[in-house]
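Now for the letters of each chain:
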Amino acid sequence: MPLDEQALGQKLKASFDAGDLPGLHGAIVDLRGRRFAEVYFPGADERWGEPVGYRDHGPETLHDLRSISKSVVGLLYGIALAEGRVPAPEAPLYPHFPQYPDLMHEPGRDRILIRHVLSMQMGLEWDESLPYSDPRNSEIAMEMAPDRYRFILDQPIREAPGRTWNYSGGAVALLGKLIEYGSGMTLDAYAARKLFEPLGIGRFEWVAGDDGEPSAASGLRLTLPDLAKIGRLVVDRGVYDGRQIVPAEWLDASFKPCATINEFIQYGYLWYVKQSVEYAVVMGVGYGGQRLTVDRSAGLVVASFAGRYNDPDSWQTPIRVLFDFAVPEAQRLLST
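Reading guide: rules and limits
Residues numbered from 1 in each chain as written. Predicted model: local features only at pLDDT ≥ 70, side-chain atom pairs only at ≥ 80, totals over all residues. Heavy atoms only, no water. Phe/Tyr/Trp six-rings, centres within 6.5 Å; stacked < 30°, edge-to-face > 60°. Helix = DSSP H or I, 4+ residues; strand = E, 2+ residues; numbered from the N terminus. Pairing = 2+ DSSP bridges. Buried < 20%, exposed > 50% of the residue type's maximum accessible area, 1.4 Å probe, protein only. Contact = heavy atoms within 4.5 Å. Axes fitted to C-alpha atoms, helices over the stretch in contact; angles between N-to-C directions. Parallel < 35°, antiparallel > 145°, perpendicular 65-115°, else oblique. Left-handed = near helix turned anticlockwise from the far one by under 90°. Nonpolar A, V, L, I, M, F, W, Y, C, P; charged D, E, K, R; others polar.

(A) Structural view of the packing of aromatic side chains. Inspection of the entire model under this criterion finds 13 aromatic pairs. Between Trp-126 and Phe-151 the ring centres are 5.9 Å apart and the planes differ by 70 degrees, which places this aromatic pair in the edge-to-face class. Separated by 25 residues along the polypeptide, Trp-126 in the loop between α4 (114–118) and α5 (138–144) and Phe-151 in helix α6 (residues 148–153) bring together distant segments of the chain. Here Phe-196 and Phe-204 contribute two aromatic rings whose centre-to-centre distance is 4.6 Å and whose plane-to-plane angle is 55 degrees, an arrangement assigned as tilted. Members of the aromatic cluster, connected to one another through ring pairs, are Trp-165, Tyr-167, Tyr-267 and Tyr-272.

(B) Just the environment of Ile-319, in detail. Position of Ile-319 among the secondary structure elements: in helix α11 (residues 316–335). Sequence separation between Ile-319 and Phe-36 is 283 residues, and the spatial gap between their C-alpha atoms is 18 Å.

(C) Highlighting the sheet that holds strand β6 (residues 205–206). Read across the sheet, 3 strands follow the order β5-β7-β6 without closing on themselves; strand pairing throughout is antiparallel. Only two strands of the sheet have a single partner each, and these edge strands are β5 (63–64) and β6. Across 2 bridges, β6 lies against strand β7 (residues 220–222) in antiparallel orientation. Within the sheet, the bridge partner assigned to Glu-205 lies in β7 and is Arg-221.

(D) Region of the structure containing the side chain of Glu-143. For Glu-143, the position within the fold is in helix α5. Under the relative-accessibility criterion, Glu-143 is labelled buried at 15%. Other than its neighbours up to four places away in sequence, Glu-143 contacts Trp-48, Arg-148, Gly-209 and Ser-215.

(E) Structural context of the packing of helix α2 (residues 68–82) against helix α8 (residues 187–196). Closest axis-to-axis distance for the α2/α8 pair is 10 Å, and the angle between their directions is 75 degrees. Taken together, the axes of α2 and α8 lie roughly perpendicular to each other. Of the residues in α8, those touching α2 at Val-72, Val-73, Leu-76, Ile-79 and Ala-80 are Leu-187, Tyr-190, Ala-191, Lys-194, Leu-195 and Phe-196.

(F) Geometry of the sheet that holds strand β1 (residues 24–31). If you trace the 8 strands from one edge of the open sheet to the other, you get β2-β1-β15-β14-β13-β12-β11-β10, paired in antiparallel fashion. Of all strands in the sheet, those with a lone pairing partner are β2 (34–40) and β10 (259–260), marking the two edges. Helix-sheet contacts for helix α9 (residues 224–235) involve β1, β2, β13 (280–286), β14 (290–295) and β15 (300–306), and the interaxial angle to β15 is about 150 degrees. Across the sheet, α11 lies against β1, β2, β14 and β15, angled at about 25 degrees from β1, the strand it touches most.

(G) Fine view of the pairing of strand β4 (residues 50–56). Within β4, only 0 of the 7 residues are buried, which leaves the element largely exposed. Judged from the 6 bridges that link them, strand β3 (residues 42–47) and β4 form a sheet pairing that is antiparallel. The residue bridging Ala-44 from the neighbouring strand is Tyr-54, located in β4. Linking β3 back to β4 in an antiparallel pair, the connection comprises 2 residues, with Trp-48 at a positive phi of about 50 degrees.

(H) Spotlight on the packing of α2 against helix α7 (residues 169–183). Between α2 and α7, whose axes approach to 10 Å, the crossing angle comes to 35 degrees. The chirality of how α2 crosses α7 is left-handed. Contact residues: α2 offers Lys-70, Val-73, Leu-76, Tyr-77 and Ala-80, while α7 offers Gly-169, Val-172, Leu-175, Gly-176, Leu-178 and Ile-179. Residue composition of the contact of α2 with α7, grouped by class: 8 nonpolar, 2 polar and 1 charged.

Quick look at the structure:
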C-alpha cells in the first residue's frame, strides 16, 4: 500500500473513531489513476428502505446508491442515444408514451421535451420534500400507484417547462422506461450489458418496486470500488480499458448546466454541477449520505457510502470526507 494511501486512510479512520464522520460506511479517494484511500467501517444499513442490520462493510459489500442511481441512468441514456434507441433531447416526451392518448392531447403537455425530463424541468407538480416514509411523497406515491408511468405523466401542469428545477424521481422513471422501450431490455439488463460488463462490474442489484419495475431513480446497489469505477469512467471521458463506453459528447452535454438549484449548485442531465473559474465538479448525490464527486480537470474521484437514512443532516458526512480529507490531499499532491 502506498505511503500516501496509508496516511489518508489513517486520517479518515481516526476521524471516524473520534465520532466526526457519523454513519460513514466507506470511502475511496482516487487521483489521476492512483488510489490514495480506501477505508470501510461497520454500521447499520438498509436495502431500499428495509433495514438489513449491522454490517461489516467492505469492498465486496453491495450498498444502496439511492439517487446516485439517477446519474447512472443519465450515462445509460447517453449510450442508448448513441445507438439510436431513445429519443433525442429536443424530441417531445408524450408521443413516446402513446398508450396514454388522453394525456398526450392535453394542452401544454406537448411543450415538454426530453431535455426537460433529463434536467428535471418538466413543469409538472412533484414533491419529494416529505420523508420517504410518507405516502404523500411523490416518489412513494408513484411506487404505490397502479401504473407508475401514467401517475407521472398525469401530474398537473404547474408552469411552462424549462423554467424551474424540481427534483423528480418520476422524471428518471420515464427515462428508464424509454431505454427499455428502445432496447427491448429491462433497465437492469441493459445496464449490465452496456455499462457494467464493459467496466468489469459483475455484481450489482437494481431493486424493483412491487410492480416489478426496476426503480430507476433510487434502486441501484453497487460495491464502493465499482462506484469509483464509474467516477473514473467520467474522468476518462467515457473510456475504459481503451474502449469508448459512454460517448464523450454526451458527457459534455450532461455536465453543461441547464438549471440553477441555488447560488452554489447547478444541474445538468441527471448530474449536479459545480463550476467556477478554477474547476468544474460533477456529483451524483444519494439519500442517506451516498455521494460520487468527480473533478474531471484534476482527475479526482471521491466515492463514499453512509447509513444516515432519515437524517436531514446526512449530507454532512460525505461533505466532510470531500472537503476535510480528499480535497486537501489532492491539492497537496498536485502542488508537489
